[in-house]
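Structural features, examined
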Amino acid sequence: MKKINYLLLILISPLLWACEGYLDKPDSDDITVEKAFESVRSARTVLNNLYSEVRGAAYNISTRNIPYAMACDDGIAGYNLWTQKFQSGSWTADDNRGAGDDAETDPPTVSFWNNTYKRIRKANLFMENLYRATGDEADKARMMAEAKFLRAFFYSELIRRFGGVIILDHSVDPNDYSSLTNQPRETFENSVEWVCNELAEAAKGLPAVCSSADVGRATDAACYAAIARLRLTAASPLFNTDSPVLPSYTTTQYYGNYDKNRWKLAADACRFVMEQRSQYYGLDLSNVDTAEPDSWENYYRRFINRYFIVGKESVWIAYEKENWGGVKIPWNNRQSGGWNWVNPSYQLALEFEMYPSGKMPMDEESGYDMQNNANGKDRDPRFKATIQAPNATYDAYGFEPWAGGKASELQSQRTGMCLQKYIDPLYNDVTAETRNVRKNIIHIFRYNEILLNYAEAMNEYTGPTSDVYSAINAIRSRVGMPDLPSNLTQDQMREKIRHERRVELAYEDFRFFDIRRWRIAEDVCNEYIQGYDVTKGKDGGFYTIVNVGDRMVFEKKHYLFPLATAEILMNPALEQNPGWPKLSTATN
C-alpha cells in the first residue's frame, strides 16, 4: 500500500490539542493515504489539522505573542523582536525564509509566502483525496466547502501582503516541481477575483451558523466576512488607483485604474452578514455578572474565555495553541509577573476620547490631565480595557512603571504603558492568585469589523449617509460613547472612521495593514514612537513625553512585502515587488 508523501504526513500529524468536542487525534503517524481518508470521521481529523493552521502564529496574535502593532506607530517592543526591523526599515528579501510563523526575531515577511503555500498545499491535498472517504455525502460536501474556504482565506492573507499571487488550485508532485519553475504571479485583479469567487462558492456549501460543538468551523458568514475584508483592501488607495505608490508598479501590484464600484463590492459583502444573517450575528450587548454593559469590564470580556460565550459578535474565531495558566506572560507588566513585550505608544493613547464628552484629550476644553488618569474613568471605556496607563489599578495588580516603581524595568518598559487587552485583571502571576485558567479568544472575524468595513466602504461610495452613521454609532454606543456629530463631510467622516478602527481594533492586527492600504504609512511611520520618560521617578519627570528609541523609517517599497531571493532563484518568472532587489547583493 502506497505510503503518504511528506506533505501529507504534515497534514495528518497529531493535533496539538483538541477543541470543543470535534477535534480527534489520529492513532498513529504511520498512516497511508487510504487510511487517512478511510471514512468521513478520519477525513475530519485531517481537516481539523488544516484548521489548526488558523490557530497558529500566522493569523493568531495570541499564539504569536508579538502583535503587528509593534511594527508600526501603535507601540514599540520591549525586547529585540522582529518588529524592530520593520520600524527601522531594515527588513530585507533575505530575511530567514525558513523561519516559523512564531519566530521572535525573524520578520514574518518572506517566510510568510513560503509557509502559506505549505498551508495551501495541505488544502489542495485534502480536497483531492476527500473522495476516498466513505460516509455521509452531505458531511463530505460540507468538509469540501470548509477546505475551499480555508484555502481562499490563506490566499487572501497573501494578497494583503504581496499583491498578486501564484494561484495553485491543485497539489504539486513533490518529485517534480518543473511546472512551477517558470510560473508568474497573477495580476492583482485576477488574484482578488479568484479568491472572492472561491469564497462565494464555498459559502453555498456551508451553514449560516455553527453549533456550540462546532465552534470555529467555517460558515457562509465567515466566507462573506473574508470577501468584505479583501474587497475593502482592494478598493483602498494603495491598490485602487491610477497613480501608484511607485512608478514601477504593474498590474501585479495594483489595478492600474480607479473604480468607485470596488467600494460597493466591499459594502455588499458586509450586507450579507448584516442583513441576510442578522438573526445570527450582531454586536454583543450582553453583560456578565454585575458589569455594566458600557463599562470597560464588560468590553474586555470579549477576549478571554473565562467569560466567553459563543455569541452574535463572533463570526469566526480561533483559539491559541498553548494553554497559558491564567495570564499572557509576554504581554503583562513586570509588576504582575509579565515580561512587558508590548509598549503602547503615546500617540495611540491619545486616540481614546474623554468620557463622556467624546472630546479628544488634546482639545483645550477636554479636561485631560496626563498625571491623573482617574484610573480610566474619564476616558473611553476601551482605554482601560486596552492599555495599562501609569498608576492604573486592576483587581489583582497595579501598574507603576516609573523609576523605582514596582513595574520598572528599563530593558522592557519603554513607554510607561503596557498592553491590557487579552490580560485577565483577576490574575497576578507574582502572588500566584490563580483565580481562573483561561485561553485568549481570537476573533479572526468579529461583527464590529463588519460594521467598520461597511461604514468605510459606504462613505467612500456614497458619502456619510445615515447608514454610515448608524454603523459607527452602534460601536460607540456599546461602550457609552456619544454619537458622531452630524453633518460631517466625506473627508471628516473618513477621519472619524479611521479613528474608530484604531481604537476599537487596537492590537488585533489591523493598524499595520490599514496604514498601508490607506497609503499613510510613510506619514505616520517616519516619526518617533513617544511615551513617558521611564528613566525618571513619579514626581521627578516621569510624566514628560519623550521620543522612544530611534526614529522609524518607512520607504515606499515597504507598502508591499518582498519575495524571497530564494523563491526568485527557483522561479525566475516571479516578479519581485517594486523597490526590492530582484536578486539581492547577498546572493550575487
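Residues numbered from 1 in each chain as written. Predicted model: local features only at pLDDT ≥ 70, side-chain atom pairs only at ≥ 80, totals over all residues. Heavy atoms only, no water.

1. Some words on the overall build of the protein chain
Counted only if it meets this: Helix and strand assignments come from DSSP, with helices taken as H or I runs of at least 4 residues and strands as E runs of at least 2, each series counted from the N terminus. We call a residue buried when its accessible area falls under 20% of the maximum for its residue type, exposed when it is over 50%, and partly exposed in between, using a 1.4 Å probe and counting protein chains only. Here, two residues are considered to be in contact whenever any of their heavy atoms come within 4.5 Å of each other. We get accessible surface area from the Shrake-Rupley algorithm with a probe of 1.4 Å; when it comes to residues, only the shown protein chains can shield them.
Counting its regular elements, the protein chain contains 19 helices and eight strands. Within the protein chain, the fraction of its 588 residues that count as buried is 61%. Sequence-distant contacts in the protein chain: of pairs separated by 6 or more residues, those separated by 24 or more amount to 71%. Approximately 21,700 Å² of the protein chain is accessible, and the part contributed by carbon and sulfur atoms is 47%.

2. Points about the environment of Ala221
Structurally, Ala221 can be placed in helix α9 (residues 220–235). Residue Ala221 is classed as buried on the basis of its relative accessible area of 0%.

3. Concerning helix α10 (residues 261–276)
The condition that has to hold: To estimate the expected span of a helix, count its residues, drop one, and scale the result by 1.5 Å. Note on bend: at a given residue it equals the angle between the axes fitted to the 7 residues ending there and to the 7 starting there.
Taking 1.5 Å as the rise per residue, α10 with 16 residues should run 22 Å; its terminal C-alpha atoms sit 21 Å apart, in good agreement. A maximum bend of about 30° is found in α10 at Cys270. What α10 keeps buried is the set Arg262, Trp263, Ala266, Ala267, Ala269, Cys270, Phe272, Val273 and Met274. Buried residues along α10 sit in contact with α9 and α14 (447–462).

4. Re the confidence of the model for the protein chain
Detail in the predicted coordinates should be disregarded across regions flagged by low pLDDT. Under the convention used in this document: Residue-level confidence of the predictor is what pLDDT reports, using numbers from 0 through 100.
Chain-level pLDDT for the protein chain is 87 on average; 86% of the residues reach the 70-or-more range. Of the regions scoring below 50 in pLDDT, residues 1–29 engages in 67 contacts with residues more than four places distant in sequence or in other chains.

5. A word on the packing of aromatic side chains
We count it as follows: In summary, the pairing rule links any two rings of Phe, Tyr or Trp, Trp by its six-membered ring, whose centres are within 6.5 Å, and it sorts them by plane angle into stacked for under 30 degrees, edge-to-face for over 60 and tilted for everything else. Think of it as a cone above the ring: NZ of Lys or CZ of Arg counts as a charge over the ring if it is within 6 Å of the ring centre and within 35 degrees of the ring normal.
Across all of its chains, the model carries 41 aromatic pairs by this definition. With a centroid separation of 5.6 Å and 70° between ring planes, the pair formed by Trp82 and Phe86 is classed as edge-to-face. Summarising the burial analysis for this pair, Trp82 and Phe86 share the class buried. Seen in terms of ring centroids, Phe86 and Phe561 are 6.0 Å apart; in terms of plane orientation they differ by 50°. Their pairing is tilted. Taken as a pair, Phe86 in helix α5 (residues 83–88) and Phe561 in the loop between β8 (545–548) and α19 (565–570) lie far apart in primary sequence, 475 residues in all. A cation over a ring is seen here: Lys260 above Tyr461, with NZ or CZ 5.7 Å from the ring centre. Lying across the ring of Trp580, Lys557 places its NZ or CZ 4.4 Å from the centre.

6. Focus on the packing of α9 against α10
The criterion, for reference: Lines fitted to C-alpha atoms define the axes, with helix axes restricted to the stretch in contact, and inter-axis angles between N-to-C directions lie between 0 and 180 degrees. Reported orientations rely on four angle classes, namely roughly parallel under 35 degrees, roughly antiparallel over 145, roughly perpendicular from 65 to 115, and oblique for the rest. When the near helix sits turned anticlockwise from the far one by under a right angle, the crossing is termed left-handed; a clockwise turn instead gives a right-handed crossing. Only Asp, Glu, Lys and Arg are considered charged in this grouping, and only Ala, Val, Leu, Ile, Met, Phe, Trp, Tyr, Cys and Pro are considered nonpolar; every other residue, Gly among them, is considered polar.
Across the interface, α9 lies against α10 with an axial gap of 8 Å and an inter-helix angle of 160°. Regarding the angle of α9 to α10, the classification is roughly antiparallel. Handedness of the crossing formed by α9 with α10: left-handed. Between α9, through Asp220, Ala221, Tyr224, Ala225, Ile227, Ala228, Arg231, Leu232 and Ala235, and α10, the contact on the second element is made entirely by Arg262, Trp263, Leu265, Ala266, Ala269, Cys270, Phe272 and Val273. Residues belonging to the contact of α9 with α10 are distributed by class as follows: 14 nonpolar, no polar and three charged.

7. Some thoughts on the side chain of Asn332
Definition in use: Between N or O atoms, a polar contact is any pair within 3.5 Å; within protein, one atom must be a potential hydrogen donor and the other a potential acceptor, and residues adjacent in sequence are included only when both atoms are from side chains.
Note on placement: Asn332 falls in the loop between β2 (314–319) and β3 (342–344). A relative accessible area of 0% places Asn332 in the buried class. A polar contact of 3.0 Å, which involves the side chain of Asn332, links it to the side chain of Ser336.

8. Digging into the pattern of salt bridges
Just so we agree on the cut-off: By salt bridge we mean one thing: a side-chain nitrogen of Lys or Arg within 4 Å of a carboxyl oxygen of Asp or Glu.
Enumeration according to the criterion identifies 48 salt bridges in this entry. Between Arg119 and Glu53 there is a salt bridge whose closest N-O contact spans 3.6 Å. Of this pair, Arg119 sits in helix α6 (residues 110–129) while Glu53 sits in the loop between α3 (40–52) and α4 (61–64), and the two are 66 residues apart along the sequence. A salt bridge links Lys264 to Asp268; its shortest N-O distance comes to 2.9 Å. Here Lys264 pairs with Asp268, and both are found in helix α10, just four residues apart, close to one helical turn.

9. Brief notes about the environment of Ala521
As for its position among the elements, Ala521 is in helix α18 (residues 521–524). Taking the relative accessible area as the measure of exposure, Ala521 reaches 0% and is therefore buried. Between the C-alpha atoms of Ala521 and Glu555, which are 34 residues apart in sequence, the distance is 8.8 Å. When near neighbours in sequence (up to four residues on either side) are disregarded, Ala521 contacts Ile515, Arg516, Asn526, Phe554 and Tyr559.

10. Regarding unusual backbone geometry
Along the chain, Tyr355 connects to Pro356 via a cis peptide bond; the corresponding omega equals 5°. Within the element layout of this structure, Pro356 appears in the loop between α12 (346–349) and α13 (381–386). For Tyr507, which is not a glycine, the phi torsion comes out positive at approximately 60°. Topologically, Tyr507 is positioned in the loop between α16 (490–504) and α17 (511–517). When its relative accessible area of 2% is taken as the criterion, Tyr507 is described as buried. The backbone of Asp509 sits at a positive phi, close to 65°, despite the residue not being glycine.

11. Structural notes on the state of the cysteines
Where we set the bar: The disulfide definition used here is simple: a pair of cysteine sulfur atoms within 2.5 Å.
Considering all chains together, one arrives at zero disulfides under this definition. Cys72 provides the cysteine sulfur closest to Cys525, a residue in no disulfide bond, and the two sulfurs are 5.6 Å apart.

12. Remarks on the nonpolar core
Across soluble globular proteins, nonpolar side chains show a tendency to be buried alongside one another. We count it as follows: Buried Ala, Val, Leu, Ile, Met, Phe, Trp, Tyr and Cys residues form a nonpolar core when they are joined through side-chain atoms within 4.5 Å.
In this structure, Phe126, Phe149, Tyr155 and Trp316 are the most contacted members of the largest nonpolar core, which totals 161 residues. The dominant element in this core, judged by the number of residues it contributes, is helix α7 (residues 137–162), at twelve residues.

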